[in-house]
Structure formats: C-alpha cells, structure tokens
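In case you want the letters, here they are:
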Amino acid sequence: KAGVTQTPRYLIKTRGQQVTLSCSPISGHRSVSWYQQTPGQGLQFLFEYFSETQRNKGNFPGRFSGRQFSNSRSEMNVSTLELGDSALYLCASSPALAKNIQYFGAGTRLSVL
Amino acid sequence: DAKTTQPPSMDCAEGRAANLPCNHSTISGNEYVYWYRQIHSQGPQYIIHGLKNNETNEMASLIITEDRKSSTLILPHATLRDTAVYYCIVRPVSGNTPLVFGKGTRLSVIA
C-alpha cells in the first residue's frame, strides 16, 4: 500500500508570493491533517479535513488555508508569503476508525527568500 | 501546549535497550499515550500507543505506570537506525483532537 505522498518535496518562493502544497493520503484514508515544523516552534498543527470538511483548525493566520477533494486528496495554500513561513510542511492521513493513528508523509520543505 | 515532559536528549549503545521516559501527570481517564518518532528529514512515524496496560509490538514496548502519570518506551535492541527524536503524546483515542507535539527526546544510538 502506498504511503502518504506530498508534492513537491522542495520549494523556493519569495516574499509576497503564494504557494500551494499537495498531499495524497493513503488509499482509503478520509482524514488529512497538516502540520508546520520549524526549528523554533517545533511541530504545530495547522488544520484537519475529513470528507471535504474542515473539522479542526490550529492557531495560524488566515493566510494559511486548505481544502480536501472528493478523492480525499488535500491541498494547502499560503498566501502573501513571509520569511517566517519557511518550514517543513507535513501532511498526515488517518482512517476514519483507527484509534487516531496518523501516518505522515515526508513533507514539503518550503524556503521563502 | 504539550501535556507531556520528556528529557531533551539521551544516548544509548548499539544493541542495548533504550528506555525513553515520559511524564504525563495530568493525563485524563479517556486519554491514551502515543509515541511517534522522527528520523532526520522524514515525517513522524507512529510507534505504539496504550491506555493503561503494557503494550508490545514489533517496534517497541510501552510500559505505563499504574497511576498512569508516566510511561516508558522501550526499544529492546537499539540500532543506529533508531537514532531519532521520540515524541510522547497524550490524546483521546476518539474524537477530532489533533496531535500536540512537544520537543521530544533526541535519542542518539552510538556504535
């Protein structure tokens, strides 16, 4: 069974631009969560989607948004990029009923210059 | 904020057991203890979870104290590939609660 796939693996943007990151969950998984990892703040929860609906959101500004499609694939978007948005963005998927075990992708490393 | 406390770093000799402690003194009755690890430049990997009984799988064993205020993750025969940051997380088994990661323990397995 293929794991969680995130694309692209690496991305370089400049301040003020916007970026879209993609996540394909494990087949059959309906929940997708996004996390941001930085050296200073560690791993922080961004949002979670289940059956195309956002059902949880972390404490991030409105520049961070996401969506989920009917095939459970998810995208997250960051608009008006800031230097502090440089981070590893991780996606995790989970089956509907599996004791909340999340399976993570390798992440997308975003560098904002 | 994370509800767990872990030592920032630990060393372990290759082939020996690695015992990683975690304190979760404010754990609630419906909360499980989950362990994940993150090898450098990879996403976190689920290891094991438990409520109050000791648990074992192919990767590790989890020992939870009777009062559930602390636990220990045991890697029985550590290898160099077990070098990683290990996160102990307390979370309800059901519902929509996201994972809250603390700083974890950086385990270095030494040859």
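Scroll up to find the structure.
Values in this document were obtained by computation on a predicted structure and should not be read as measured data.

**So, the overall build of chain B**
Inference 1: Looking only at helices and strands, chain B features zero helices and nine strands.
Inference 2: Reading chain B from its N terminus to its C terminus gives the helix and strand order β-β-β-β-β-β-β-β-β.
Inference 3: Scaling as 2.2 N^0.38, a compact globule of 111 residues should have a C-alpha radius of gyration of about 13 Å, and chain B matches this with 13 Å.
Inference 4: For the C-alpha atoms alone, the extent of chain B along its principal axes is close to 40 × 30 × 25 Å.
Inference 5: Burial statistics for chain B: of 111 residues in total, 45% are counted as buried.
Inference 6: Considering only residue pairs separated by 6 or more positions, chain B has 57% of its internal contacts joining residues 24 or more positions apart.
Inference 7: Accessible surface computed for chain B: about 5,700 Å², of which carbon and sulfur atoms make up 49%.

**What about the overall build of chain A?**
Inference 1: When you go through chain A residue by residue, the secondary structure sums to zero helices and eleven strands.
Inference 2: Counting from the amino terminus, helix and strand elements in chain A follow one another as β-β-β-β-β-β-β-β-β-β-β.
Inference 3: A compact globule built from 113 residues should have a C-alpha radius of gyration of about 13 Å, and chain A, at 13 Å, falls within 12% of that.
Inference 4: Summarising its shape, the C-alpha atoms of chain A cover approximately 40 × 25 × 25 Å along the three principal directions.
Inference 5: Residue burial in chain A is summarised as follows: out of 113 residues, 48% are buried.
Inference 6: Summarising the internal contacts of chain A: among those between residues at least 6 apart in sequence, 53% fall at separations of at least 24.
Inference 7: As displayed, chain A offers around 5,400 Å² of accessible surface, 49% of which is attributable to carbon and sulfur atoms.

Scoring rules and cut-offs
Residues numbered from 1 in each chain as written. Chains lettered and ligands numbered in written order. Predicted model: local features only at pLDDT ≥ 70, side-chain atom pairs only at ≥ 80, totals over all residues. Heavy atoms only, no water. Helix = DSSP H or I, 4+ residues; strand = E, 2+ residues; numbered from the N terminus. Rg over C-alpha atoms; globule rule 2.2 N^0.38 Å. Buried < 20%, exposed > 50% of the residue type's maximum accessible area, 1.4 Å probe, protein only. Contact = heavy atoms within 4.5 Å. Areas by Shrake-Rupley, 256 points an atom, 1.4 Å probe, with all protein chains shown as cover.

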